[in-house]
Amino acid sequence: IEGAYFSDATSSVVGDGKLYICSWYGFAKIFDMTTGEQLMSSGADAVGNIFYSACYDEQSKLVYGAFFNDDATALLWASFDMNTQVKTVIADVSQYGIIGCDFDASGNVWFIAADGTIYRTDKQFRNVTTLGNIGATPACEYSNGGMCIDKETNTIYWAFDILNGE
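Throughout this description, residue numbers start from 1 for each chain and increase along the sequence as written. pLDDT decides what is reported in this predicted model: residues at 70 or higher carry local features, side-chain atom pairs at 80 or more are listed and counted, and totals for whole chains, interfaces and linings draw on all residues regardless. The side-chain values count all of the structure's non-hydrogen atoms but skip hydrogen atoms and water molecules.

*Asks:* Outline the nonpolar core, supporting the account with residue identities and numerical values.
*Replies:* Core analysis: the biggest nonpolar cluster contains 41 residues, and Tyr-20, Val-63, Trp-77, Val-93, Tyr-96, Ile-98 and Phe-125 have the highest contact counts within it. Looking at this core element by element, the count peaks at six residues for strand 6 (residues 62–68). For our purposes a nonpolar core is just a set of buried Ala, Val, Leu, Ile, Met, Phe, Trp, Tyr and Cys residues, chained together by side-chain atoms within 4.5 Å. Only protein chains enter the calculation, and the probe is 1.4 Å; a residue is then buried if its accessible area is under 20% of its type maximum, exposed if over 50%, and partly exposed in between. Secondary structure is summarised from DSSP: a helix means a run of H or I of at least four residues, a strand means a run of E of at least two, and numbering begins at the N terminus for each.

Here it is, written out as structure tokens:
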């Protein structure tokens, strides 16, 4: 899609035929995946709508993820409506440093924290279960990378910059 590139992108998510891209500096763009048309572009005043890691919920048609707060000093689990651009904060998740997340076929959210621990929770972030460790340490709290879950096999795929070539 023309214009869908940011050299400083933090993350992107696809859902409901739209591609949503965020950058470190508060810029965000939404594109129609069928036509390539840019549907929205916001400026640096949108820091609170930057997500570091996000996933799309097919049931609610909302993006869920770890968003920065308005001054980028905390990570907040929130839902985000790509059509109205309304974010609803659910919980402070700064303690995890979520660097990858996705929904499984049952609607559970799986996420990987900055220390390499993998967790499962509900989208309202009420019941967080520690499942283990991915066996590698991401290079930093906000490591470039991401994860997705194959909904048919519930296989998790992840890719990150890792610490010391683990």
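So, next bit.
*Asks:* Kindly report on the pattern of salt bridges, identifying the contributing residues and their values.
*Replies:* We define a salt bridge as a contact between a side-chain nitrogen of Lys or Arg and a carboxyl oxygen of Asp or Glu at a distance within 4 Å. In total, this model carries five salt bridges according to the counting rule given. Residue Asp-57 pairs with Lys-123 through a salt bridge whose shortest N-O separation is 2.7 Å. Placement of Asp-57 in strand 5 (residues 51–57) and of Lys-123 in the loop between strand 11 (117–121) and strand 12 (129–133) is noted, with a sequence separation of 66 residues between them. For Asp-57, a relative accessible area of 4% puts it in the buried group.

*Asks:* Describe the side chain of Asp-104, naming the residues involved and giving the relevant values.
*Replies:* By the secondary structure assignment, Asp-104 is in the loop between strand 9 (100–103) and strand 10 (109–112). Put simply, Asp-104 is tucked away with no salt bridge, and the nearest opposite charge, on Arg-120, sits 5.9 Å away. Polar contacts involving the side chain of Asp-104 include one to the main-chain amide nitrogen of Gly-107, which spans 3.0 Å. Each polar contact in these results corresponds to two N or O atoms within 3.5 Å; when the atoms are within protein, one needs to be able to donate a hydrogen and the other to accept it, and residues that are neighboring in sequence are counted only if both atoms are side-chain atoms. A polar side-chain atom of Asp-104 sits 2.8 Å from a polar atom in the side chain of Trp-110. Only heavy atoms matter for contacts: two residues are in contact if any of them lie within 4.5 Å across the pair. Other than its neighbours up to four places away in sequence, Asp-104 contacts Trp-110, Ile-149, Lys-151 and Asn-154. In this tally, Lys and Arg are treated as positive and Asp and Glu as negative; His is ignored, and so are the chain termini.

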